[in-house]
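Residue-level listing of the chains:
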Amino acid sequence: MSSDRQLSLWIVLAMLFWGASWPIANILSNYINAHEFISYRYIVTTLTMVPVLWWMKLSFKIDLKSLLVASVAAVFLIYYSKYYFLSTKFSAPGLAGAVVTTLMPVLVYMLMMFSKQNKTQLKDWLALLLGIFGVLTTMNIWQFQLSDVVNGTSVYLLAAATCWALMSIVTTYAKTIAAATLSFYIYLMTALFDLLFFFEPTHGSIFAMDGVFWLNFLIVTIGSTTFATTVYFLGIAQLGSKRASVFTFLVPFFAVGLSVLFLNEHWYWTTILGALMTISALIMLNNIKLNPDNSQSLDKG
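The structure reproduced in this document is the subject of the present report.

Each value, and the rule that gives it
- Every chain is numbered on its own, with residues counted from 1 as its sequence reads.
- The predicted origin of the model limits local features to residues at a pLDDT of at least 70 and limits the giving and counting of side-chain atom pairs to 80 or more, whereas totals for whole chains, interfaces and linings rest on all residues.
- Think of the side-chain values as coming from all heavy atoms in the structure, minus any hydrogens and water.
- For the purposes of this entry, the term helix denotes a DSSP run of H or I that reaches at least four residues, the term strand denotes a run of E that reaches at least two, and both are numbered from the N terminus.
- Residue exposure (1.4 Å probe, protein chains only): buried if accessible area is under 20% of the type maximum, exposed if over 50%, otherwise partly exposed.
- Pairs of residues are marked as contacts when any of their non-hydrogen atoms sit within 4.5 Å.
- Per-residue and other accessible areas follow the Shrake-Rupley method at a 1.4 Å probe size, with only the shown protein chains counted as cover for residues.
- By this rule, a helix spans an expected 1.5 Å times one less than how many residues it contains.
- Ring pairs are drawn from Phe, Tyr and Trp, using the six-membered ring of Trp, whenever the two centres fall within 6.5 Å, and their geometry is named by plane angle: stacked under 30 degrees, edge-to-face over 60, tilted for the rest.
- Think of it as a cone above the ring: NZ of Lys or CZ of Arg counts as a charge over the ring if it is within 6 Å of the ring centre and within 35 degrees of the ring normal.
- The patches described consist of residues with a relative accessible area above 30% and no salt bridge, like charges being joined within 9 Å and nonpolar side chains (Val, Leu, Ile, Met, Phe, Trp, Tyr) within 5 Å.
- Salt bridge criterion: a side-chain nitrogen from Lys or Arg within 4 Å of a carboxyl oxygen from Asp or Glu.
- Angles shown run from 0 to 180 degrees and are taken between the N-to-C directions of axes, each axis being a line fitted to C-alpha atoms and, for helices, limited to the stretch in contact.
- Each angle gets one of four labels, with under 35 degrees taken as roughly parallel, over 145 as roughly antiparallel, 65 to 115 as roughly perpendicular, and the rest as oblique.
- Left-handed describes a crossing in which the near helix is turned anticlockwise from the far one by less than a right angle; the clockwise case is right-handed.

Looking now at the overall build of the protein. Of the regular secondary structure elements, the protein holds 12 helices and 0 strands. What you see in the protein, going N to C, is helices and strands ordered as α-α-α-α-α-α-α-α-α-α-α-α. For the protein, the residues scored as buried account for 49% of the 301 residues in total. Across the protein, contacts joining residues at least 24 apart in sequence account for 89% of those joining residues at least 6 apart. Carbon and sulfur atoms form 69% of the exposed surface of the protein, whose accessible area is close to 14900 Å².

A few words on helix H5 (residues 122-138). For an α-helix, the turn length of 3.6 residues means that residues three or four places apart are oriented alike. Over its 17 residues, H5 runs 24 Å from end to end, which matches the ideal 24 Å to within 8%, given 1.5 Å per residue. By the burial criterion, the buried members of H5 are Asp124, Ala127, Leu128, Gly131, Gly134, Val135, Thr137 and Thr138. Looking at the buried side of H5, the elements it contacts are helix H4 (93-114) and helix H12 (269-285).

Here the focus is the packing of aromatic side chains. Two aromatic rings are characterised by how far apart their centres lie and by the angle between their planes. Taken as a whole and assessed by the stated rule, the structure comprises 21 aromatic pairs. For the pair Phe37 and Tyr84, a centre-to-centre distance of 6.0 Å together with 45 degrees between the ring planes defines the contact as tilted. One end of the pair, Phe37, is in helix H2 (residues 34-55); the other, Tyr84, is in helix H3 (residues 64-90), and 47 residues separate them in sequence. We classify Phe37 as buried; its relative accessible area is 0%. Between the aromatic rings of Phe184 and Tyr185, the centroid separation amounts to 5.0 Å while the plane-to-plane angle is 85 degrees, which identifies the pairing as edge-to-face. An aromatic cluster is present here, built from Trp22, Phe37, Tyr80, Tyr84, Phe85 and Trp164 joined pairwise through their rings. The ring of Phe90 has Lys89 sitting right over it, with the charged end atom 5.7 Å from the ring centre.

Right, let's talk about the environment of Leu285 for a bit. Locating Leu285 in the fold gives a position in helix H12. According to the relative accessible area criterion, Leu285 is buried, its value standing at 4%. With 158 residues separating them in the primary sequence, Leu285 and Ala127 have C-alpha atoms 6.4 Å apart.

Let us now look at a nonpolar patch on the surface. Together, Trp10, Leu13 and Leu16 line one region of the surface with nonpolar side chains, adding up to about 260 Å² of accessible area. Tracing the sequence through the fold places Leu13 in helix H1 (residues 3-28).

The interhelical angle for the contact between H4 and helix H7 (residues 154-171), taken along N-to-C directions, is 45 degrees, at an axis separation of 8 Å. Considered as vectors, H4 and H7 are oriented oblique to each other. In the crossing of H4 with H7, the sense of the turn from one axis to the other is right-handed. Each of Ala96, Val99, Val100, Leu103, Met104, Leu107, Val108, Leu111 and Met112 in H4 lies in contact with H7, whose residues at this interface are Leu157, Leu158, Ala160, Ala161, Thr162, Trp164, Ala165, Leu166, Ser168 and Ile169.

Listed below in structure tokens is the structure:
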């Protein structure tokens, strides 16, 4: 088996862990609150990233500008994590995962268009329109009243996707540091900020939690964050950013599938149809060719 194919299998596993984080957050919401989840998660993630950076032979040095970027990104990550957690607690986690993970890149592209970072063509507007309808179809929004849309858990979904999109754009300003090193500092600052300003333990020590809690907590911290992020960075380095990004289209389907399998969540054909529509839009927006020979080198696109 070629090294590219082996890496591709590892990336699929990483996407499985990313998808699993949605039903897992729902399970953990029965044990801890949102800011306990954020603090505990990113403390462990920061610690487990240390041997990863050492193994990848990356420096821990960071310049002042990159540290500022990491700090601002950490604020967005705290609020993303909060709304991600609440969306899985108060709505179907599979549906939440499908909506947010397809809406995030659409919002990133829209923000880049309006900030003039991307030159807009007619096909881009058509693709965005398709993506927006895809997200709305995934949410099955046609069955809601306007009051449900404004006041319901859809607000958590939109807030989570917006915070992630803003964080993604902020991180583009750190151009002199490796992505994995920047992620380490984002996780570190997220843990510090949340502990200092938001953390209010209300459920006792996590060391008194049962085995179900610890199994899910370790999966979402080490599996869904440290492992999945590291493998994805390796994929970008070896396969190129566009080829690696194709794998992220698996995440909404894994989120839905695992929620159906482990939480007995009901699934609807509109969820799958909407996800497919949005993924098609993202392929058009990013000019991705689903060809194994495409984009061998790391690029900034």
